Amino acid sequence: MTEKILLMSDIHITEPGVTIVGLNPALRFKRCLEHAAVHHSDASHLFIMGDLTHNGSCKEYVVLKEILSSQPFEATLMLGNHDRREPFAKTFNHLSEGFQHGKKPFGKTEIIYLDTLDERAKNEHSGLICEERLQWLEGNLQSGNGPILVLSHHHMLFSGFYGMDEIRLINGKKVSELLLTYINKSGKKLKEIVAEQDEWSKKNIGTQHYDTILDMVLRTDSIFGHHISCNSQPPL
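Residues numbered from 1 in each chain as written. Predicted model: local features only at pLDDT ≥ 70, side-chain atom pairs only at ≥ 80, totals over all residues. Heavy atoms only, no water.

(A) Structural view of the side chain of His 153. Note that His 153 resides in the loop between strand S6 (148-151) and helix H5 (162-166). A polar contact is formed between the side chain of His 153 and the backbone oxygen of Met 49, at a distance of 2.7 Å. Within the local environment of His 153, its side chain forms a polar contact with the side chain of Asp 51, the two groups lying 3.5 Å apart. Look past the residues within four positions of His 153 in its chain and what remains in contact with it is Ser 9, Asp 10, Met 49, Gly 50, Asp 51, Met 78, Leu 79, Gly 80, Asn 81 and Thr 116. (Helix = DSSP H or I, 4+ residues; strand = E, 2+ residues; numbered from the N terminus. Polar contact = N/O pair within 3.5 Å; in protein donor to acceptor, adjacent residues only side chain to side chain. Contact = heavy atoms within 4.5 Å.)

As structure tokens, then:
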């Protein structure tokens, strides 16, 4: 059975009354969700791929929690460089403690979502998958029984955008080599959302605030066995 999932990223929720470049993040996120509820009501899941808030404060996470409580999709929250673990855990205390990574099955495909947040990063915004998280990833790759889709907030390989590459996944080469080793050993399909290397497909998920022209490649070799359409900007 074909399943549809929704991917959103970098929603940068702020406290009430605080804007980003003159825009209200909470209002724009609500409008995205309303659009999705009308035009993608058949979606079975929503992944929000990091930078849930702008400053990682409890007040911002409370705003996000309130918005999510009134939308129809089952949602998975990932952490990005603008997020902070302690305020997130206090607000979303129903989630497991520790790293916010996991694996979910959708038909024959499994989606692995990564936790790339590094709160000790020297430049404050680059990402890292530590040894513990690498071991977790390797174990879940080995236990997979079909195609795997990997979601990551930080991009693993160089994108060609200097500012973005400065805050990439610092050990992205090591992680990408692990993914390619898995492909070569298993012969299984593996798709990664943010970069392109050899067998991988390329897709960047845009923010709802900062407009950037990205190389968005539309592919017909679907992860779920049908055509996948890609759009980098919200309908706002």
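(B) Examining unusual backbone geometry more closely. The phi dihedral of Asp 10 is positive, around 55 degrees, even though this residue is not glycine. A positive phi angle, close to 75 degrees, is found at Glu 124, a residue other than glycine. Tracing the chain through its elements places Glu 124 in the loop between strand S5 (109-113) and helix H4 (131-142).

(C) Seen up close, the nonpolar core. Within the largest apolar cluster, 24 residues are counted, with the highest numbers of intra-cluster contacts made by Ile 13, Phe 29, Ile 48, Leu 52 and Leu 64. Core analysis: the next-biggest nonpolar cluster, separate from the first, contains 15 residues, Leu 157, Leu 169, Val 175 and Tyr 182 among them. (Core = buried A, V, L, I, M, F, W, Y, C linked by side-chain atoms within 4.5 Å. Buried < 20%, exposed > 50% of the residue type's maximum accessible area, 1.4 Å probe, protein only.)

(D) Broad picture of the pattern of salt bridges. Going through the model one piece at a time under the given rule, you end up with eight salt bridges. Between Asp 115 and Arg 85 there is a salt bridge; the shortest N-O distance is 2.7 Å. Residue Asp 115 is found in the loop between S5 and H4, and its partner Arg 85 is found in helix H3 (residues 85-91); the two are separated by 30 residues along the sequence. Neither Asp 115 nor Arg 85 differs from the other in exposure class; each is buried. Linking Glu 110 and Lys 103 is a salt bridge whose minimum nitrogen-to-oxygen distance equals 3.9 Å. A residue is classified by how much of its surface remains accessible, and Glu 110, at 14% relative accessible area, is buried. Given a relative accessible area of 27%, Lys 103 falls into the partly exposed group. A single network of salt bridges, built from pairs that share partners, joins Arg 85, Asp 115, Glu 119 and Arg 133. (Salt bridge = Lys/Arg side-chain N within 4 Å of Asp/Glu carboxyl O.)

(E) Spotlight on the sheet that holds strand S1 (residues 5-8). Spatial ordering of the open sheet is given by S1-S2-S3, a layout of three strands whose pairing is parallel. Edge strands, defined here as strands with exactly one partner in the open sheet, are S1 and strand S3 (75-78). The sheet shows a mean angle of 15 degrees between the axes of neighbouring strands, direction not considered. As paired strands, strand S2 (residues 45-49) and S3 are joined by four bridges and run parallel to one another. Bridge pairing in S3 links Ile 48 to Leu 77. The strands that helix H1 (residues 25-39) touches are S1 and S2; relative to S1, the one it contacts most, it runs at about 165 degrees. (Pairing = 2+ DSSP bridges. Axes fitted to C-alpha atoms, helices over the stretch in contact; angles between N-to-C directions.)

(F) The environment of Tyr 182, seen in detail. Its place among the elements puts Tyr 182 in helix H6 (residues 172-186). Here Tyr 182 falls in the buried class, since its relative accessible area comes to 8%.

(G) Fine view of the pairing of S1. Examined bridge by bridge, S1 and S2 share four bridges and lie parallel to one another. Note that in S2 the partner of Met 8 across the bridge is Ile 48.

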